[in-house]
Amino acid sequence: MQVSIACTDPHMKRGNGDHKNATSPGNAARAKFRTVAIIARSFGAFAPRHHISLKESTGKLTGMKYRNLGKSGLRVSCLGLGKYIHLLQTITQLVAEQLMTIAYENGVNLFDTAEVYAAGKAEAILGNIIKKKSWRLQLEYVDVVFANRPDTNTPMEEIVRAMTYVINQGMSMYWGTSRWTAMEIMEAYSVARQFNLIPPVCEQAEYHLFQREKVEVQLPELYHKIGVGAMTWSPLACGIITGKYQNGIPETSRASMKSYQWLKEKIVSEDGRKQQAKLKELGHIAEKLGCTLPQLAVAWCLRNEGVSSVLLGSSSPEQLTENLGAIQFLPKMTSHVVSDIDHILENKPYSKKEYRS
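What comes next concerns the included structure. Just so it is clear, the structure is predicted and the values come from calculations on it, not from any experiment.

Attention now moves to the environment of Leu-289. Along the chain, Leu-289 turns up in helix α9 (residues 270-289). In contact with Leu-289, other than residues within four places in its own chain, are Leu-296, Phe-329, Lys-332, Met-333 and Val-337.

Before going further, it helps to spend a moment on α9. In a regular helix each residue adds 1.5 Å, so 20 residues correspond to 28 Å; α9 covers 29 Å between its end C-alpha atoms and thus fits that length. Those residues of α9 not exposed but buried are Gly-272, Gln-275, Gln-276, Lys-278, Leu-279, Leu-282, Ile-285, Ala-286 and Leu-289. Buried residues belonging to α9 abut α8 (261-268), α10 (293-302) and α12 (335-345). Trailing α9 by a residue or two, Gly-290 shows a phi angle of about 85 degrees, which is positive.

Turning our attention to the pairing of strand β10 (residues 229-233). Across a regular strand the side chains alternate sides, sitting on one face of the sheet and then on the other. Where burial is concerned, most of β10 is hidden: five out of the five residues are buried. Side chains Gly-229, Met-231 and Trp-233 project from β10 onto one buried face, and the interleaved Ala-230 and Thr-232 project onto a second face that is buried too. Of the pairings in the sheet, the one linking strand β9 (residues 202-206) to β10 comprises five bridges and is parallel in character. Considered in β10, the bridge of Glu-206 is made with Trp-233.

Rules behind the numbers
Residues numbered from 1 in each chain as written. Predicted model: local features only at pLDDT ≥ 70, side-chain atom pairs only at ≥ 80, totals over all residues. Heavy atoms only, no water. Helix = DSSP H or I, 4+ residues; strand = E, 2+ residues; numbered from the N terminus. Contact = heavy atoms within 4.5 Å. Expected span 1.5 Å × (residues − 1). Buried < 20%, exposed > 50% of the residue type's maximum accessible area, 1.4 Å probe, protein only. Pairing = 2+ DSSP bridges.

Right, dumping it as structure tokens:
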């Protein structure tokens, strides 16, 4: 199960369901179709003394902005901390703790992990860091559960019923989807309406300068039709957009690892070389704006108001600090700058409305 923790209102009412029922229909269904997903939990304890909310205490100081997750009432920081614990094969627990602390102090209220990260130790590592830091967290309330792309052999009704069960038992307030197609999301919504169940509120999707179609065309239509929002991941395209591959594959980079052979092949391919050429041009725009290329890429993702939160996958304190700084350049993402970026990328997708015009 992939888990995200969002520090929201500490005074939300807690459900009365039995959270320990291992034989519940929800647990059985999750075992069948491999529920993976982001769980955003309400930690009032991230709030300082006197019950001041996280966004009130840090938003003004750091510039962090908070957006609704789709059309739900859940407010999340527009930047979240993503697969940092997944990288524990290459970073230490001390670095993971530093990353969490930096994010926390900069107003981030969304943390992502999963049981498959760090060889199954990710959730325990996250809990140990929270305990060590003595952050006053209330972990018993789950705000959102995201289900991974469904197995084609699993009936959609079973998935929707399982997620509805989790919510009705008080273990969650909302549920969403992760890496689902627009058709699958619509099917889940239709099933929910047909059987008086609870529909998803958000989709987690890949989104960056070279991956745009789904988030810019498909999800906005779903947002307006059924209220499904977008939480995005990989804003730097697995490090490709950092610019570190301009002159080949550094020995210490992710692409040099055996498990990332697919990334290396992608970088050295013809399309990969074309992307690197475009990144050089984008670097000139970043220089004019006074930011780095990664900051430009993250700010570009944030300029899309349909994106509730962008998950950062930083592996070092310096990298995370740099990426969090992207929010300072969001006001500079003017229509003129975005147009210049589109001119370089030459990959702007067009909606049906634009095609008709």
